[in-house]
2 protein chains.
Amino acid sequence: MRIEDEIQQREFTDDYRRLLVNLLFTNNWVNQQQLSFFKQFGLTQQQHNVLSIVRGQHPSPVCFGDIQNRMVDRNSNVTRLVDKLIEKGYVTRDICAANRRMIEVRLTPKGLEKLTQIDSYLPQLLERFHNLSSEEAVLVSNLLDKLRG
Amino acid sequence: MRIEDEIQQREFTDDYRRLLVNLLFTNNWVNQQQLSFFKQFGLTQQQHNVLSIVRGQHPSPVCFGDIQNRMVDRNSNVTRLVDKLIEKGYVTRDICAANRRMIEVRLTPKGLEKLTQIDSYLPQLLERFHNLSSEEAVLVSNLLDKLRG
DNA sequence: ATACATTGGTTGTATATACAAATATTAGTA
DNA sequence: TACTAATATTTGTATATACAACCAATGTAT
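Residues numbered from 1 in each chain as written. Chains lettered and ligands numbered in written order. Predicted model: local features only at pLDDT ≥ 70, side-chain atom pairs only at ≥ 80, totals over all residues. Heavy atoms only, no water.

This brings us to the overall build of chain A. Across its full length, chain A carries seven helices and three strands. Each helix and strand of chain A, ordered N terminal to C terminal, gives the series α-α-α-β-α-α-β-β-α-α. Taken over C-alpha atoms, the radius of gyration comes to 19 Å for chain A, far larger than the 15 Å a tight globule of 149 residues would show. Taken along its principal axes, the extent of the C-alpha atoms in chain A is 60 × 30 × 25 Å. (Helix = DSSP H or I, 4+ residues; strand = E, 2+ residues; numbered from the N terminus. Rg over C-alpha atoms; globule rule 2.2 N^0.38 Å.)

Here it is, written out as structure tokens:
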């Protein structure tokens, strides 16, 4: 459905303005898909993102700074996200012996199991994007990379 | 810059997964652009969106439901957004005589002036998207329309 | 060593979001 | 007319965001 119809707006005067609005509108749509998907596993998108990053180094630990830099949403507060994940028993935190300013985050078996469970359902989430062919998906991705410069 | 490098991740196994992550990451980038742009005018993106919608019907009033339906971010709480805009003197609200459940929102001269001022700076915001040619901007927009189905 | 800057993480706070429940008015209908 | 449903907006609340200020550990220069 054309963005003009979605938000009941006449033609845009500027192609870039249309793109801006379309990106924001589409993001809300994507967010909605993700929100409902992760909710069934009792996680937020950001919590899942942190878990995945920690798994990326597993069984080595990851420090907060690394998590921050690898997050899709850089505005998240890693301290508070990790707190939530500890409460749920999915990760542990320890002060790094080599540099006591740093915190080492590690995945627990329970956290790994949770991620594995979510993995098996991921195709269901991605299915919602199959209105685009995989060639088109690649094309959009590459253009977004170019957009950000 | 490739999304893989932005978030320090190896190749994605799935083109749709890459697209999903890229959309979310790009949205944060876009948001950052918008946030800093509108901040200099003392407005949030959503407040500006509401103002623009009200101007769209000016000098006729717009009711909350119409605002809701035309907003780029549908999750916003129109009641509270309009409260803010009234505080700032940019809109007025009145109970609709014909249907007293409805609220009529109207732009004030001050609100119109503010919008006009912002308009004159909009090209500065859109300039940040000029890494894409206008043909590419149209292409991405159309693919996003297709993605949402 | 001491002072100062930097790094890595934490905390506080105002505002915004998501979502459910509540209220008020109008419309439909038996 | 009274009853019920539908519509339009408001309110409450738990959680999340943006952003600044803070603290502790380490590095560096004198």
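What follows continues from the structure just given.
Turning our attention to the sheet that holds strand β3 (residues 103–107) of chain A. Residue and element names in this part refer to chain A. Taken in spatial order, the three strands of this open sheet run β1-β3-β2, and their pairing is antiparallel. The strands lining the two open edges of the sheet, one partner per strand, are β1 (62–63) and β2 (91–95). Relative to β3, β2 is paired through five bridges, and the arrangement is antiparallel. Counterpart to Val 91 in the pairing with β3 is Leu 107. Relative to the sheet, helix α5 (residues 78–87) contacts β2 and β3, its axis offset from that of β2 by approximately 120°. (Pairing = 2+ DSSP bridges. Contact = heavy atoms within 4.5 Å. Axes fitted to C-alpha atoms, helices over the stretch in contact; angles between N-to-C directions.)

A few words now on the protein's contact with DNA strand D. Around DNA strand D there are 20 residues in total, and Asn 75 of chain A together with Phe 64, Gly 65, Thr 79 and Arg 93 of chain B lie nearest to it. Counting only the atoms of DNA strand D within 4 Å of the protein, the fraction contributed by sugar and phosphate is 73%. For DNA strand D, a base nitrogen lies 3.2 Å from a polar atom in the side chain of Arg 80 of chain A. Contact between DNA strand D and Arg 93 of chain B: a phosphate oxygen at 2.3 Å from a side-chain N or O atom of the residue. Among the secondary structure elements, those contributing two or more residues to the surface near DNA strand D are α5 of chain A together with α2 (15–39), α4 (64–70) and α5 (78–87) of chain B. (Near = heavy atom within 4 Å. Polar contact = N/O pair within 3.5 Å; in protein donor to acceptor, adjacent residues only side chain to side chain.)

As far as function goes, none of this settles anything; it's purely spatial.
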